[in-house]
Amino acid sequence: MIKIQNLVKNYGSIEAVKNISFTVEEGEIVGFLGPNGAGKSTVMNILTGYLSSTSGEVEVNGVNVLENPLDAKRQIGYLPEQPPLYPDMTVKEYLGFVFDLKGCKLPKKEHLAEICEVVKIKDVYNRVIRNLSKGYRQRVGIAQALIGNPKVVIFDEPTVGLDPKQIIEIRSLIRELGRHHTVILSTHILPEVQAVCDRIVIINRGRIVANEKTTEISRAVQGAGKMSVKICGPEKDVYSALRAIPGVQSVTVLGAQDADSITYYVESERGLDIRKVLFRTVAQKGWTMIGMEAMGVNLEDIFLSVVEDPADATAKKKNRKGGNV
Ligand code: ADP
């Protein structure tokens, strides 16, 4: 559906995009991630026909964006970070206006009614946009992107500024849209990508540094397996025994949550499943294991590991108290 091949963009002497290639299949929801200045906007602007490339090929639904920018634009619906709304218009007036502006040939009333049904804005159709909540305004922004039934929909930071309930609703709407459209989601909120996207493309300094299925990215770029184990036994001896298990790289004592058990955080070599040997070791020593849990891989860690120098990433992790990148 989207094919980007050997894309290069220089701004004078600045190489913003350095020979990028990736494809997005029909019906996929792809998260496009990267730190500030990585080149995300540049790629999006080339993809949507707003910027020319220095070299390379970009195709949307078989249409070459550089050769036929108008045709290509018709294949794409775009929701910028600031939706281009006219606050003094009603939703009806605004969507009608965008419909005419896009030169849409579909039956107007039916098409707009269908979109309003999908994005759930029927009940505010005659309201002035200025008076709508941010969540509803975002839905109206999504509605304008869907006019003309584009094959590809691109969202730029679609949940910034929304409250938690609105965030959940917009994310589920994006997932829903993914059933009939190819979706690119550009965001810096990593849990959002995990919640919504089938695949993650990470760009850093103009190059792609990861391009994996969401379910596989942890395995692909994560170094070690992480387990949290809760054991009843003398702390020092337990620590030494865990540390001595082949393949274990580090053991951290997280402390006691109750009277007689202590939780340890065990990191092991990539791809090594240490659960059985962990269990046997504890049993052989006569201690009791009352909990063992694989730690969920944190996309934030993955992101840091692929976009930063290892030394910087370690320093950041130490300083970090949670939250999003
Ligand atoms: P992102 O969207 O990931 O923050 P951008 O695509 O905006 O990254 O920018 C990539 C690089 O290109 C940055 O180094 C940025 O400073 C530079 N850049 C972007 N737009 C221009 C421009 N119009 N002129 C010169 N340099 C630019």
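Above this text sits the structure in question.
Residues numbered from 1 in each chain as written. Predicted model: local features only at pLDDT ≥ 70, side-chain atom pairs only at ≥ 80, totals over all residues. Heavy atoms only, no water.

A. Broad picture of the pairing of strand β8 (residues 182–186). Counting buried residues in β8 gives five out of five residues, a clear majority hidden from the surface. In β8, alternate side chains face the same way, and those of Thr182, Ile184 and Ser186 on one face and Val183 and Leu185 on the other are all buried. Here strand β3 (residues 29–33) runs beside β8; their pairing, made up of four bridges, is parallel. Within β8, the residue paired with Phe32 across the bridge is Ser186. Relative to β8, strand β7 (residues 152–156) runs parallel, the two being bridged by five bridges. Each bridged residue has a counterpart across the sheet, and for Phe155 the counterpart in β8 is Leu185. As for the winding sense of the linkage, the β-α-β connection from β7 through helix α6 (residues 164–177) to β8 is right-handed. (Buried < 20%, exposed > 50% of the residue type's maximum accessible area, 1.4 Å probe, protein only. Helix = DSSP H or I, 4+ residues; strand = E, 2+ residues; numbered from the N terminus. Pairing = 2+ DSSP bridges. Right-handed = clockwise from strand over helix to strand, strands pointing away.)

B. How the structure looks around the side chain of Ser228. Along the chain, Ser228 turns up in strand β11 (residues 225–232). Take Ser228: its relative accessible area is 14%, and that puts it in the buried class. With residues up to four places along the chain from it excluded, the contact list for Ser228 reads Thr263, Tyr264, Gly291, Met292, Glu293 and Met295. (Contact = heavy atoms within 4.5 Å.)

C. Structural view of the side chain of Lys9. Looking at where Lys9 falls in the secondary structure, it is placed in strand β1 (residues 2–11). Of the side chains with opposite charge, Glu15 comes closest to the buried, unpaired Lys9, at an N-O distance of 13 Å. Of the polar contacts made by the side chain of Lys9, one reaches the backbone oxygen of Ser52; its length is 2.8 Å. Excluding its chain neighbours within four sequence positions, the residues that come into contact with Lys9 are Ile14, Glu15, Ala16, Val17, Thr42, Ile46, Leu51, Ser52, Ser53 and Thr54. (Lys, Arg positive; Asp, Glu negative; His and termini not counted. Salt bridge = Lys/Arg side-chain N within 4 Å of Asp/Glu carboxyl O. Polar contact = N/O pair within 3.5 Å; in protein donor to acceptor, adjacent residues only side chain to side chain.)

D. Main features of the packing of helix α5 (residues 134–146) against α6. Here α5 crosses α6 at 15°, and the two axes come no closer than 10 Å. By the angle between their axes, α5 is roughly parallel relative to α6. Relative to α6, the crossing made by α5 is right-handed. Contact residues: α5 offers Gly135, Gln138, Arg139, Ile142 and Leu146, while α6 offers Gln166, Glu169, Ile170, Leu173 and Leu177. Taken together, the residues of the contact of α5 with α6 sort by class into five nonpolar, three polar and two charged. (Axes fitted to C-alpha atoms, helices over the stretch in contact; angles between N-to-C directions. Parallel < 35°, antiparallel > 145°, perpendicular 65-115°, else oblique. Left-handed = near helix turned anticlockwise from the far one by under 90°. Nonpolar A, V, L, I, M, F, W, Y, C, P; charged D, E, K, R; others polar.)

E. How the structure looks around a nonpolar patch on the surface. A contiguous nonpolar patch, built from Tyr86, Phe97 and Leu101 and spanning about 310 Å² of accessible area, is present on the exposed surface. By relative accessible area, Leu101 is classed as exposed at 64%. (Patch = residues over 30% accessible without salt bridge, like charges linked within 9 Å, V, L, I, M, F, W, Y side chains within 5 Å. Areas by Shrake-Rupley, 256 points an atom, 1.4 Å probe, with all protein chains shown as cover.)

F. Representation of the sheet that holds strand β5 (residues 63–64) within the structure. Read across the sheet, four strands follow the order β2-β1-β4-β5 without closing on themselves; strand pairing throughout is antiparallel. Each edge of the open sheet is held by one strand with a lone partner, namely β2 (14–24) and β5. Strand direction decides the pairing type here: strand β4 (residues 55–60) and β5, joined by two bridges, are antiparallel. Across the sheet, the residue bridging to Glu59 is Asn64, located in β5. Strands in contact with helix α1 (residues 40–47) are β1, β2 and β4; relative to β1, the strand with the most contacts, it is inclined by about 120°.

G. Structural context of the site of the ligand. Around the ligand sit Tyr11, Ile14, Ala16, Pro35, Asn36, Gly37, Ala38, Gly39, Lys40, Ser41 and Thr42, and those are all the residues in its vicinity. Gly39 is positioned such that a nitrogen or oxygen atom in its backbone is 2.9 Å from an oxygen atom of the ligand. Expressed as a share of its isolated accessible area of 560 Å², the protein-covered part of the ligand is 59%. Across the shell around the ligand, the residue classes tally to five nonpolar, five polar and one charged. (Near = heavy atom within 4 Å.)

H. View of the packing of aromatic side chains. Tallied over the entire structure, the rule returns three aromatic pairs. For the pair Tyr86 and Tyr94, a centre-to-centre distance of 6.3 Å together with 50° between the ring planes defines the contact as tilted. What makes Tyr86 partly exposed here is its relative accessible area of 43%. Across from the ring centre of Tyr50, 4.4 Å away, lies the NZ or CZ of Lys73, which sits over that ring. (Phe/Tyr/Trp six-rings, centres within 6.5 Å; stacked < 30°, edge-to-face > 60°. Lys NZ or Arg CZ within 6 Å of the ring centre and 35° of its normal.)

I. Helix α9 (residues 235–243), seen in detail. Val238, Ala241 and Leu242 are the residues of α9 that are buried. Along the axis of α9, the buried positions cluster into a sector of 100°, meaning they face one direction only. In this structure, the buried side of α9 is in contact with β11, β12 (248–255), β13 (262–268) and α10 (275–284). (Arc of directions from axis to C-beta.)

J. Local environment of unusual backbone geometry. In this structure, Asn6 takes a positive phi of about 50° despite not being glycine. With respect to the element layout, Asn6 can be found in strand β1. Despite not being glycine, Asn149 shows a phi value in the positive range, around 55°. Following the sequence through the fold, Asn149 ends up in the loop between α5 and β7.

K. Quick look at the pattern of salt bridges. Overall, the coordinates contain 11 salt bridges when judged by the stated rule. The residue Glu28 makes a salt bridge to Arg199 at a minimum N-O spacing of 2.8 Å. Taken together, the positions of Glu28 in the loop between β2 and β3 and Arg199 in strand β9 (residues 199–204) put the pair 171 residues apart, joining distant regions of the chain. The exposure class assigned to Arg199 is buried, which follows from its relative accessible area of 10%.

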